[in-house]
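# Results of the structural survey
Read off the chains here:
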Amino acid sequence: MARILLKNVWKRYGNLDIVKGFDLEIQDKEFCILVGPSGCGKTTTLRMIAGLEEISDGEIFIDDVKVNDIPPKNRDIAMVFQSYALYPHMTVYDNMAFGLKLRGYSKREIDQRVKEASEILSIEHLLERRPKQLSGGQRQRVAVGRAIVRKPKVFLFDEPLSNLDAKLRVQMRAELKKLHERLQSTMIYVTHDQTEAMTMGDKICVMKDGLIQQVAGPIELYDKPANRFVAGFIGSPPMNFLEVDVLEKGENIVLNEGTFEITLPKSYKESVVKYVGQKLCLGIRPEGIYDKLFFNLANKDVASFSATVDVVEPLGSEIYLHLNTGKNTLIAKVDAHNQARSNQVIELILNLSTIQLFDLSTGQTII
């Protein structure tokens, strides 16, 4: 078992609060991602779990044992760093075996564990090489292998893929996910890359300025963000945000963008009616905007508007259209067969079942 519990954890440097009242429970065998922009406190949180940073306040438990005062070597964790931290003068085999030698394992046990880990990671043929003879992806595998041989309760990953090229990052994401399924260990993974978070994590903790914004699975984060920050951080391209006036016209609630209006479905009225006469932030994901020529209007709650195409980004399987309404800019993700061109004015459709509304002052989600 390797259940992790953080209770009201704070980290301060002088008068500066880096992590603020952090409460998080990570279940045994769970793959938890800490994600957020640079400086949000995610690596500091990971280092506190590892024991490499002292906590200022709060409690950290591993398997119901409070570890605040337990040194890192006794917490039964293994950490994989962004820099790989391999010994350049040692072979791959010796790098993987070094920690076991320090702990007094027999040569037979060390050899068995190193060979087992190298088979899992497909690096058996690299055991006699030195780090300078390896590619970035191979070095990363060795760093992970060095952690695997320990057979720890918890694996901690601190942005381990950030030094790799884009293609290799995609490959290593899949490798790490398969590794988690095979080892059935508790893993905590820090990244600023929301794509890594969405594709790898069972549970994702979104952070900003040392505070937890939302903890949920990837689909819930995407479909039901708790606030505007989460909505804008999760998703690529990011969600479009428009400031709109909330008006009441007869029995309908209408959102006025300035160049077009949206009549909200009646099911949204109860949540929005108290904002009549005020402004709200409307969020719509790029895949919720369609070219009218390619959209079937039947049985859909939709709104139509026109916009000028500023830029066309063809990506093979899809196209990103950068649009300008005259008041706001938007990105639409449309079908690869779309024929829109720069400077063309086109008619578009908003799928109202996919919109989000946020309070302008608090950023909290309304619908």
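These notes cover the structure that comes with them. Values in this document were obtained by computation on a predicted structure and should not be read as measured data. (Residues numbered from 1 in each chain as written. Predicted model: local features only at pLDDT ≥ 70, side-chain atom pairs only at ≥ 80, totals over all residues. Heavy atoms only, no water.)

With that out of the way, let us pick up empty space enclosed by the protein. One pass over the structure, following the stated rule, counts two cavities of 30 Å³ or more. In this structure, the largest cavity occupies an estimated 40 Å³ of space. Forming the boundary of the largest cavity are Leu121, Arg141, Val144, Met172, Glu175, Leu176 and Leu179. At the level of secondary structure, the elements contributing two or more residues to the lining of the largest cavity comprise helix 4 (136–148) and helix 5 (166–183). Of all the elements, helix 5 adds the most residues to the lining of the largest cavity, at four residues. Of the residues in the lining of the largest cavity, the class split is five nonpolar, no polar and two charged. One number sums up the size of the second largest cavity: a volume of about 30 Å³. In terms of lining residues, the second largest cavity is bounded by Glu251, Asn252, Ile253, Leu264, Pro265, Lys266 and Lys269. Classifying every residue of the lining of the second largest cavity gives three nonpolar, one polar and three charged. (1 Å grid on protein atoms, 1.4 Å probe; cavity = no way out; pocket = protein on both sides within 12 Å on 5 of 7 lines; lining within 4 Å. Points joined across faces, edges and corners; volume = space filled by probe spheres on them. Helix = DSSP H or I, 4+ residues; strand = E, 2+ residues; numbered from the N terminus. Nonpolar A, V, L, I, M, F, W, Y, C, P; charged D, E, K, R; others polar.)

This part covers helix 4. Its 13 residues place the ends of helix 4 18 Å apart at the C-alpha level, agreeing with the 18 Å of an ideal helix rising 1.5 Å per residue. With 11 of 13 residues buried, helix 4 is to be regarded as a mostly interior element. All of the buried residues in helix 4 are Gly137, Gln138, Gln140, Arg141, Val142, Ala143, Val144, Gly145, Arg146, Ala147 and Ile148. Of the surrounding elements, those touching the buried residues of helix 4 are strand 6 (77–80), helix 2 (92–102), helix 3 (107–120), strand 7 (154–158) and helix 5. (Expected span 1.5 Å × (residues − 1). Buried < 20%, exposed > 50% of the residue type's maximum accessible area, 1.4 Å probe, protein only. Contact = heavy atoms within 4.5 Å.)

What follows concerns the pattern of salt bridges. Applying the stated criterion to the full structure yields 15 salt bridges. As a salt-bridge pair, Lys66 and Glu59 come within 3.4 Å of each other at their nearest N and O atoms. Residue Glu59 is classed as partly exposed on the basis of its relative accessible area of 27%. Asp63 serves as the salt-bridge partner of Lys153, at 3.1 Å between the closest nitrogen and oxygen. Remark: Asp63 occurs in the loop between strand 4 (57–62) and strand 5 (65–66) and Lys153 occurs in the loop between helix 4 and strand 7; sequence separation between them is 90 residues. A relative accessible area of 35% means that Lys153 is categorised as partly exposed. Ionic contacts of the salt-bridge type, sharing partners, join the residues Arg3, Glu25 and Asp64 into one network. (Salt bridge = Lys/Arg side-chain N within 4 Å of Asp/Glu carboxyl O.)

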